[in-house]
Amino acid sequence: MARERVIGENEQLPDPEETAESEEVLPLSLRPRSLREYVGQTQVVESLGIAIAAAKTRGEPLEHVLFHGPPGLGKTTLAHIVAREMGGDMVHTSGPALEKPLDIVGVLSNLGEGEVLFIDEIHRLPHTVEEYLYSAMEDFQVDFVTGKGAYARTLPFQLKRFTLIGATTRAGLLTPPLRDRFGMIYHLDFYSPEQLTEVVRRSSEILEVGIDRDGASEIASRSRGTPRVANRLLRRVRDYAQVKSGGHVDRDVADVALAREGVDENGLDRLDRLYLTTIAENYRGGPVGIDALAATVNEEVQTLVDVVEPFLLKEGFVLRTPGGRKIGEAAMTKLGLKEQGRLL
């Protein structure tokens, strides 16, 4: 069984089979443990399965893999699955945790043969750290520089063959030299309501929640195309059902429970609606710059760009233009602004 070591800010994640169910370990216990259990991302899963089978046949580590896409779509889950399918351990760290070249050299030099190094938010690696990955990924070697000036010497250190898995929500911020060193690059897209319904039904079985297909479908339709959101909403509906409806979840129970959580029929929460109404009312539909918008809604720019906007852009609720963000036709209809004539 693959084990995991965590480097830096992240706490070690326990094995779901060895821990009791609690709110802290639920996100891990709901993770699929193999490609066969994984729901959605069909092309990515099929391609990974072929690559893993071929690498195991040759007795080689898997090529380096980069997963990119919005948060909550399964990048970390796939990294766990790859390590488990390859039968190796996984070392888990993140870009911000690797501040100095010595940090990454220490991690790389301690990797065993065939181990997986998972770097989350890899686009946030400092350039001085990133440069050490180039030779490590291509030649499985890092160079130490000793001395200064005319006395400087480069000492190569041979690494064991490993697989680097990077995950990022902003692939455009990766430098071309780093991106080009990944042998497999996969984009994870939003899930369909049907796929999310299967995710909810699978998770409900693990959590031992009584739910019918209509109830699962209702939760899925409000989950913003994201499995992480679907599992979070399922736990909130489970709590409401246990207290108010004898523990069983149907469409009506899910509807009431999610409405109490502030999640509407389109999956929009309080921050989403504030974002849209601010563009519509304060800036007359836009365009408006993201910095001004963030200041108005009192949120960080990064939160709006990485968490709020991806789903709104996909649904056509907001548009990005050279002049800034504009309200979309779908949002005007939803907010009732078009009929009220409140936009010029």
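Structure: see above.
Owing to the predicted nature of the structure, the values given are computational and were not obtained by experimental measurement. (Residues numbered from 1 in each chain as written. Predicted model: local features only at pLDDT ≥ 70, side-chain atom pairs only at ≥ 80, totals over all residues. Heavy atoms only, no water.)

A. Up close: the pairing of strand S3 (residues 90-94). Of all five residues that make up S3, five are buried, and the element is covered over most of its length. Side chains Met90, His92 and Ser94 of S3 all project onto a buried face; the interleaved residues Val91 and Thr93 project onto the opposite face, where all are buried too. Two strands pair when backbone bridges link them, and S3 and strand S4 (residues 116-120) are joined in this way by five bridges, in the parallel orientation. Across the sheet, the residue bridging to Val91 is Leu117, located in S4. (Buried < 20%, exposed > 50% of the residue type's maximum accessible area, 1.4 Å probe, protein only. Helix = DSSP H or I, 4+ residues; strand = E, 2+ residues; numbered from the N terminus. Pairing = 2+ DSSP bridges.)

B. Here's a closer look at the packing of helix H7 (residues 193-207) against helix H9 (residues 227-244). Following both chains from N to C, one finds H7 and H9 inclined at 50 degrees, their axes separated by 10 Å at the closest point. Accordingly, the angle class assigned to the pair H7 and H9 is oblique. Of the two possible hands of crossing, H7 and H9 adopt the one that is right-handed. Of the residues in H9, those in contact with Leu196, Val199, Val200, Ser203, Ser204 and Leu207 of H7 are Pro227, Ala230, Asn231, Leu234, Arg235 and Arg238. Tallied by class, residues from the contact of H7 with H9 come to seven nonpolar, three polar and two charged. (Axes fitted to C-alpha atoms, helices over the stretch in contact; angles between N-to-C directions. Parallel < 35°, antiparallel > 145°, perpendicular 65-115°, else oblique. Left-handed = near helix turned anticlockwise from the far one by under 90°. Contact = heavy atoms within 4.5 Å. Nonpolar A, V, L, I, M, F, W, Y, C, P; charged D, E, K, R; others polar.)

C. Fine view of the packing of helix H4 (residues 101-109) against helix H5 (residues 127-139). Running from N to C, H4 and H5 cross one another at 30 degrees; their axes reach a closest spacing of 8 Å. As the angle between them shows, H4 and H5 are arranged roughly parallel. Taken as a pair, H4 and H5 cross one another with a handedness that is right-handed. Residues Pro101, Ile104, Val105 and Leu108 of H4 form the contact with H5, whose own contacting residues are Thr128, Val129, Tyr132, Leu133 and Ala136. For the contact of H4 with H5, the class distribution of residues is eight nonpolar, one polar and no charged.

D. Representation of the nonpolar core. If you look at the biggest cluster of nonpolar residues, it comprises 50 residues, and the most contacted ones within it are Leu62, Phe67 and Ile219. Every residue in contact with Leu62, bar those within four places of it in the chain, is listed here: Ala51, Ile52, Ala55, Val82, Met86, Phe162, Thr163 and Met184. Judged by nonpolar contacts, the second largest core, of 25 residues, contains Val105, Tyr134, Leu164 and Leu174. (Core = buried A, V, L, I, M, F, W, Y, C linked by side-chain atoms within 4.5 Å.)

E. Focus on unusual backbone geometry. Of note, the bond from Gly286 into Pro287 is cis; its omega dihedral lies within 30 degrees of zero at 10 degrees. For Pro287, the position within the fold is in the loop between helix H11 (270-282) and helix H12 (290-297). A positive phi is found at Phe140, a non-glycine position, where the angle reads about 50 degrees. Along the polypeptide, Phe140 turns up in the loop between H5 and strand S5 (141-146). Backbone geometry at Glu208 places phi at a positive 60 degrees, although glycine is not the residue there.

F. Representation of the environment of Ile206 within the structure. Note that Ile206 resides in helix H7. Its relative accessible area of 33% is what places Ile206 among the partly exposed residues. Separated by 176 residues in the primary sequence, Ile206 and Leu30 place their C-alpha atoms 7.1 Å from one another.

G. How the structure looks around helix H13 (residues 301-314). With 14 residues, H13 extends 19 Å between its outermost C-alpha atoms, agreeing within 8% with the 20 Å of an ideal straight helix rising 1.5 Å per residue. Maximum bend of H13: about 50 degrees, positioned at Val308, with proline Pro310 one to four residues after it. Along H13, the residues that are buried comprise Leu304, Val305, Asp306, Val308, Glu309, Pro310, Phe311 and Leu312. Looking at the buried residues of H13, the elements they touch are H11, H12, strand S11 (318-321) and strand S12 (324-327). Looking at the residues trailing H13, positive phi occurs at Gly316, about 80 degrees. (Expected span 1.5 Å × (residues − 1). Bend = angle between axes of the 7 residues up to and from the residue.)

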